[in-house]
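Examination of the molecular architecture
The lines below spell out each chain.
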Amino acid sequence: GYSAICDSCKRHVMYRSTLNLNEEYEYVKECAIEDLHGFLHADKQIRRESIVKFSFMIPIEEQRSEFSSITHNRVVIDKEGKIPKGEQAMMLMKREHASGIYGFLCSMDLACAGVSLANPDKKLPQYDRKIRAEAAIVALADLFSGHFGAAQARATPIIKTLELVCMASKKPIPNAIHGFYKDYAEETASIVKAAMNQGLVKQDEIKIVAVGRPASIFKAEHILIDEAKTVSEAVTRIVEASDQWL
Ligand SMILES: [Zn+2]
């Protein structure tokens, strides 16, 4: 496997860097998570902004999510495996769970993977930059299949991705519109069309993959897109584009 991950990140402790280095680029070199996720080293006052940005995942416009409260029972056992008598042995607790259709948005500035933001002349070899960009994109497949959030041992999200628009662009383009809005696909298609008309990006410099309803919306705007049947297929196509362009 890829070994440029620091000891803290290997343990999934990644809110602050514990590496003790002298400049941003050294942290980027040492750890792929510090690179993608950004970091702050408080003692040294060295920081890097995250190049992967997530918005909140929230219930879509005009649709409230349903909540239900589920009662759990936590049970203590003694050394023989018996439930001891007394009030402490069992503990009732309530957990709230939400259900609905959720939208979200994520953007990744992968041209900056392995590149110092403080001094862009310093960058990692192409091999490292590609493997880090690929890992960042592939990680989305986990999100789309419900591998996120707390209490997964009893409440792994019940999830099906209904619609998806993925865009990989060789040149910087405006953000897509958040999935909260019911016309997010129409608005995103207009933004892409406008970016092309203004010459910000050419059709062969942008790869768009859609799952479900958005495909027909992009086609109506005469924007070339790939249609994918599944999210993993969409993610794979975006990885291919990133690999080709980085
Ligand atoms: Zn790290």
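A closer look at the packing of helix 4 (residues 126-144) against helix 8 (residues 231-245)
The geometry of helix 4 relative to helix 8 is characterised by a closest axis approach of 10 Å and an angle of 165° between their N-to-C directions. As judged from the angle between their axes, helix 4 and helix 8 are roughly antiparallel. In this structure, the crossing between helix 4 and helix 8 has a hand that is right-handed. For the pair helix 4 and helix 8, the contacting residues are Lys130, Ala133, Glu134, Ile137, Val138, Ala141 and Phe144 in the first and Val231, Val235, Ile238, Val239, Ser242 and Asp243 in the second.

A few points about the nonpolar core
Ranked by size, the top nonpolar core spans 25 residues in total, and within it Leu36, Leu164 and Ala234 carry the most contacts. Broken down by secondary-structure element, the contributors of at least two residues to this core are helix 4, strand 9 (164-169), strand 10 (206-211) and helix 8. Each residue touching Leu36, except ones within four places of it in the same chain, is listed here: Ser50, Ile51, Val52, Leu110, Ala113, Arg132 and Ala136. Grouped together as the second largest cluster of nonpolar side chains are 15 residues, Ala189, Ala195, Ala215 and Phe218 included.

Re the coordination of the zinc ion
Geometrically, a metal with four donors at the corners of a regular tetrahedron has ideal angles of 109.5 degrees, and one with six donors at the corners of a regular octahedron has ideal angles of 90 or 180 degrees. Those donors, Cys6 (SG), Cys9 (SG), Cys31 (SG) and Glu34 (OE), are the protein atoms that reach the zinc ion, and they lie 1.9 to 2.3 Å from it. One chain supplies every donor to the zinc ion, and in sequence these donors are spaced C-x2-C-x21-C-x2-E. You can see Cys9 sitting in helix 1 (residues 7-10) and its partner Glu34 sitting in helix 3 (residues 32-37), a full 25 residues away along the chain. Owing to a relative accessible area of 6%, Cys9 belongs among the buried residues under this scheme.

Notes on the pattern of salt bridges
Counted by the stated rule, this structure contains 14 salt bridges. In this structure, Glu62 engages Lys182 in a salt bridge whose closest nitrogen and oxygen atoms are separated by 3.1 Å. Linking Glu62 in the loop between strand 4 (58-59) and strand 5 (66-75) with Lys182 in the loop between strand 9 and helix 6 (184-197), this pair joins segments that are 120 residues apart in sequence. One exposure class covers both Glu62 and Lys182, and it is exposed. In this structure, Glu186 engages Arg213 in a salt bridge whose closest nitrogen and oxygen atoms are separated by 3.4 Å.

A look at a nonpolar patch on the surface
Side chains of Val75, Ile77, Ile83 and Met90 sit close together on the surface and give an oily, nonpolar patch of about 360 Å² of accessible area. With respect to the element layout, Met90 can be found in strand 6 (residues 90-99). Overall, the relative accessible area of 46% leaves Met90 in the partly exposed class.

Comments concerning the environment of Glu96
Following the sequence through the fold, Glu96 ends up in strand 6. Owing to a relative accessible area of 57%, Glu96 belongs among the exposed residues under this scheme. For the pair Glu96 and Phe67, spaced 29 residues apart in the sequence, the C-alpha separation amounts to 6.6 Å. Discounting chain neighbours no more than four positions away, the residues touching Glu96 are Phe67, Ser68 and Ser69.

Considering the sheet that holds strand 10
Strands sit in the order 9-10-11 across an open sheet of 3 strands; the sheet is mixed. Looking along the sheet, the strands with just one partner apiece sit at the ends: strand 9 and strand 11 (226-227). Across 6 bridges, the pairing between strand 9 and strand 10 is antiparallel. Residue pairing for strand 10: Ser169 is matched across the bridge by Ile206.

Side note on helix 4
With 19 residues, helix 4 should reach 27 Å at 1.5 Å per residue; the first-to-last C-alpha distance of 28 Å fits that figure. Within helix 4, the full set of buried residues consists of Asp128, Arg129, Arg132, Ala133, Ala136, Ile137, Leu140, Leu143 and Phe144. In the core, the buried residues of helix 4 are packed alongside helix 2 (24-30), helix 3, strand 3 (52-54), strand 8 (106-108), strand 9 and helix 8. Just downstream of helix 4, Gly146 is the residue with a positive phi angle, here 90°.

Some details on the environment of Glu134
Along the chain, the position of Glu134 falls in helix 4. With a relative accessible area of 35%, Glu134 lands in the partly exposed category.

Points about the state of the cysteines
One pass over the full model with this rule turns up 0 disulfides. The thiol of Cys106 is not disulfide-bonded; the next cysteine sulfur, from Cys166, is found 9.4 Å away. A residue is classified by how much of its surface remains accessible, and Cys106, at 22% relative accessible area, is partly exposed.

Looking at the domain arrangement of the protein chain
In many reports, interface size means the accessible area that the parts give up when they come together. The domain boundaries assigned to the protein chain delineate domain 1 (1-50), domain 2 (51-56 + 105-245) and domain 3 (66-99). When each unit is reduced to the centre of its C-alpha atoms, the spacing between domain 1 and domain 2 is 24 Å. Counting from both sides, the interface comprises 14 residues of domain 1 and, opposite them, 20 residues of domain 2. Across the interface of domain 1 and domain 2, roughly 1300 Å² is buried in total on both sides, 51% from carbon and sulfur atoms. Looking only at domain 1, the three residues that lose the most surface to domain 2 are Tyr2, Tyr25 and Leu36, adding up to 45% of its buried area. Where domain 1 meets domain 2, there are 3 salt bridges. Measuring nitrogen to oxygen at the nearest pair gives 2.7 Å for the salt bridge that ties Asp35 to Arg132. Remark: the boundary between domain 1 and domain 2 carries 17 residue pairs in polar contact (both at pLDDT 80 or more).

Thresholds, definitions, all that
Residue numbers run consecutively from 1 along every chain, following the written order of its sequence. The predicted nature of this model means local features are confined to residues of pLDDT at least 70 and side-chain atom pairs, given and counted, to a pLDDT of 80 or more, with totals for whole chains, interfaces and linings taken over all residues. Values reported for side chains reflect all heavy atoms of the structure, with hydrogen atoms and water molecules removed beforehand. Whenever a helix is involved, its axis is fitted only over the stretch in contact; in every case the axis is a line through C-alpha atoms, and angles between N-to-C directions fall within 0 to 180 degrees. Here a helix means four or more residues in a row that DSSP labels H or I, a strand means two or more in a row labelled E, and each is numbered from the N terminus. When an angle is under 35 degrees it counts as roughly parallel; over 145 it counts as roughly antiparallel; between 65 and 115 it counts as roughly perpendicular; any other value is oblique. Handedness of a crossing follows from how the near helix is turned relative to the far one, being left-handed for an anticlockwise turn of less than a right angle and right-handed for a clockwise one. Throughout, a contact is declared for two residues whenever any of their heavy atoms are within 4.5 Å. We call a set of buried residues a nonpolar core when its members are Ala, Val, Leu, Ile, Met, Phe, Trp, Tyr or Cys and they connect through side-chain atoms within 4.5 Å of each other. Each residue is placed in one exposure class: buried if its accessible area under a 1.4 Å probe, protein chains only, is under 20% of its type's maximum, exposed if it is over 50%, and partly exposed if it falls in between. Coordination shells were defined by N, O and S atoms within 2.8 Å of each metal, extended to 3.2 Å for Na, K and Ca; water is absent from the atom set, which can make sites look incomplete. Every case where a carboxyl oxygen of Asp or Glu lies within 4 Å of a side-chain nitrogen of Lys or Arg is listed as a salt bridge. Exposure above 30% relative accessible area and the absence of a salt bridge qualify a residue for a patch, where like charges join within 9 Å and nonpolar side chains (Val, Leu, Ile, Met, Phe, Trp, Tyr) within 5 Å. Residue exposure ignores everything except the shown protein chains as possible cover, and the areas themselves are Shrake-Rupley values with a 1.4 Å probe. A pair of strands counts as paired when DSSP detects no fewer than two bridges linking them. The span you would expect from a helix comes to 1.5 Å times its residue count less one. In this description, the term disulfide denotes a pair of cysteine sulfurs within 2.5 Å. Those domain boundaries reflect an automatic or database domain assignment. What counts as buried area is the accessible surface, traced by a 1.4 Å probe, that two parts surrender upon association, with contributions from both included. Under the rule applied, a polar contact is a pair of N or O atoms within 3.5 Å (in protein, one hydrogen donor and one hydrogen acceptor; residues adjacent in sequence only if both atoms are side-chain atoms).

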